[in-house]
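Each chain, letter by letter, is given below.
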Amino acid sequence: MTALAVRKVAKSYGPVKALDGVDLDVPAGSLTAILGPSGCGKTTLLRLIAGFAAPDSGTIAFGQEQVAGPGHSVAPQRRRVGYVPQEGALFPHLDVAANVTFGLPRAVRRSRQHLAELLDLVGLGAEMSNRYPHELSGGQQQRVALARALAPGPSIVLLDEPFSSLDAALRLSTGRAVVQALRATKATALLVTHDQNEALSLADQVAVMAEGRISQTDAPDGIYTRPANPKVASFVGAAVLIPATMQGETADSALGSLSLVSPSMHGPAQVLIRPEQIALHAQTAGAGVPARVSDVAYFGHDAIVHLLLEPSGEPITARVMGTRPPEVGTPVRLTVHGPVSAYPLTGNGR
């Protein structure tokens, strides 16, 4: 069942076209991530869904109810939307209990059991209810903001880059807590983010957005392993894109004959190889393409190895385990593990 349906939605601000015919379906009870760079239109889309602004054209529906369309717009307060902004936007003069229950009917606000259930849902104990926002960590503030958004039982929860101000470790733990809370309530949620790791690790579905349009919507593994085009491939994870000639189920390239994810036409193409698919072997190994290490970026758990193919000097990037990264200048041989995606080149070379 579709909880949210966006059809042909467009929005401009003067000469700037923020959204250009956006289509999106969000299944009920799922978390969909809108992933894209700054300025691509993702926050504008969230604002239109919330009712903070109206689309120039197109429709937005919650289930069977159209909330925005030509000559028709349901007021934000009537859309039953929970909204979690970037900084949480808690009321500094109210304690946690008052922040979470703000806007609820008086009888519900007085229910300590309802408050305790909400705090427990987002991983906070009842002892936190008397604390004020300045007494909470950034992650705790975002959990309180989520509890407030969930309190009235919204039809959909909108999260506008809610973890962007948190450090890496806190982002991970807070993100997981938010996902668990959403799933516990079977809430439908839309997460706006520019962080690909966040989108891939938290969402049931990812919609990649660029220049006011959604380029691809798929499960996280589909977005990563089968990107719709080279732009999506380059934005979602590290990508090695090299020229090749398609031969049906394989493609001939500078890294040898590569198996394709799906059979394709014959002719020139770009192939996508993820850096972790490229394995390094000793120079004495029989198989593989010769190369030389030109640089190494060490990250502890893994390392990015920059290589130059020999004798062409074509640059290639590989990701290896961080225990023993090779030294700069080391001659190696390269093989590619697993199938790759191919993108046929048109007459203009794109």
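For the structure, check the block above.
Computed from a predicted structure; not experimentally measured.

What the protein contains, in helices and strands, is nine helices and 21 strands. Across its three principal axes, the protein shows a C-alpha extent of roughly 75 × 50 × 35 Å. Charge-centre separation for the protein: the mean point of 29 positive side chains lies 7 Å from the mean point of 28 negative side chains.

An order of E14-E13-E12-E15-E21 is seen for the five strands of this open sheet, with the pairing classed as antiparallel. Lying at the two open borders of the sheet, with one neighbouring strand each, are strand E14 (256–259) and strand E21 (341–344). The mean inter-strand angle of the sheet, taken between neighbouring strand axes irrespective of direction, is 40°.

Time to look at empty space enclosed by the protein. If you roll a probe as big as a water molecule over the atoms, it shows you where there is empty space left. Inspection of every chain in the model, using the stated rule, returns two cavities of 30 Å³ or more. Volume-wise, the largest cavity comes out at about 50 Å³. Every residue lining the largest cavity is listed: Gly29, Ser30, Leu31, Val179, Leu182, Arg183, Ala187, Ala189 and Asp204. No other element matches helix H6 (residues 168–184), which puts three residues into the lining of the largest cavity. Looking at the lining of the largest cavity, its residues break down into five nonpolar, two polar and two charged. In this structure, the second largest cavity occupies an estimated 40 Å³ of space. In terms of lining residues, the second largest cavity is bounded by Leu31, Leu159, Phe163, Gly175, Val178, Val179, Leu182, Leu191 and Leu202. A per-class count over the lining of the second largest cavity returns eight nonpolar, one polar and no charged.

Mapping Glu65 onto the fold places it in strand E5 (residues 65–69). As a C-alpha pair, Glu65 and Leu4 span 61 residues in sequence and 9.5 Å in three-dimensional space. Beyond its immediate stretch of four places on either side in the chain, Glu65 contacts Ile60 and Val74.

The next subject is the sheet that holds strand E1 (residues 2–13). If you walk across this open sheet you meet the five strands as E2-E1-E4-E5-E6, and the pairing is antiparallel. Two strands bound the open sheet, and with one partner strand each, they are strand E2 (16–27) and strand E6 (72–73). In the sheet, E1 pairs with strand E4 (residues 57–62) via five bridges, with the strands oriented antiparallel. Note that in E4 the partner of Leu4 across the bridge is Phe62.

Here we take up the pairing of strand E18 (residues 302–309). A regular strand carries its side chains on alternate faces of the sheet. Burial of E18 is extensive: six of the eight residues sit out of reach of the surface. Bridging between strand E17 (residues 289–298) and E18 involves seven bridges; their strand directions are antiparallel. Residue pairing across strands places Val296 opposite Val305, the latter belonging to E18. Taken together, E17 and the strand that follows it, E18, pair antiparallel across an intervening segment of three residues, in which Gly300 is found at a positive phi of about 90°.

Moving on to the layout of surface pockets. Taken as a whole, the largest pocket holds about 500 Å³ of empty space. Surrounding the largest pocket, 21 residues form its lining, Val81, Gly82, Tyr83, Arg148 and Pro152 being those nearest its centre. Among the residues making up the lining of the largest pocket, the classes are represented as 16 nonpolar, three polar and two charged.

At a minimum axis separation of 10 Å, helix H5 (residues 138–150) and H6 run at an interaxial angle of 15°. As far as their axial angle goes, H6 and H5 are roughly parallel. H6 is crossed by H5, and the crossing has right-handed handedness. The residues of H6 that touch H5, namely those facing Gly139, Gln142, Arg143, Leu146 and Leu150, are Leu170, Ser173, Thr174, Ala177, Val178, Ala181 and Leu182. Its residues assigned to classes, the contact of H5 with H6 comprises seven nonpolar, four polar and one charged.

Quick look at the pattern of salt bridges now. Counted by the stated rule, this structure contains twelve salt bridges. Glu198 serves as the salt-bridge partner of Arg171, at 2.8 Å between the closest nitrogen and oxygen. Highlighted residues: Arg171 in helix H6 and Glu198 in helix H7 (residues 196–202), separated in sequence by 27 residues. Since its relative accessible area comes to 17%, Arg171 is described here as buried. The salt bridge involving Arg183 is made with Asp204; its shortest N-O contact spans 2.9 Å. Here the residue Arg183 occupies a position in helix H6, and Asp204 occupies one in the loop between H7 and strand E10 (205–210), the gap between them amounting to 21 residues. Residue class for Asp204 comes out partly exposed when judged on its relative accessible area of 34%. The structure contains a network of salt bridges with shared partners spanning Lys17, Asp20 and Arg213.

Thresholds applied
Residues numbered from 1 in each chain as written. Predicted model: local features only at pLDDT ≥ 70, side-chain atom pairs only at ≥ 80, totals over all residues. Heavy atoms only, no water. Helix = DSSP H or I, 4+ residues; strand = E, 2+ residues; numbered from the N terminus. Lys, Arg positive; Asp, Glu negative; His and termini not counted. Charge placed at Lys NZ, Arg CZ, Asp CG, Glu CD. Pairing = 2+ DSSP bridges. Axes fitted to C-alpha atoms, helices over the stretch in contact; angles between N-to-C directions. 1 Å grid on protein atoms, 1.4 Å probe; cavity = no way out; pocket = protein on both sides within 12 Å on 5 of 7 lines; lining within 4 Å. Points joined across faces, edges and corners; volume = space filled by probe spheres on them. Nonpolar A, V, L, I, M, F, W, Y, C, P; charged D, E, K, R; others polar. Contact = heavy atoms within 4.5 Å. Buried < 20%, exposed > 50% of the residue type's maximum accessible area, 1.4 Å probe, protein only. Parallel < 35°, antiparallel > 145°, perpendicular 65-115°, else oblique. Left-handed = near helix turned anticlockwise from the far one by under 90°. Salt bridge = Lys/Arg side-chain N within 4 Å of Asp/Glu carboxyl O.

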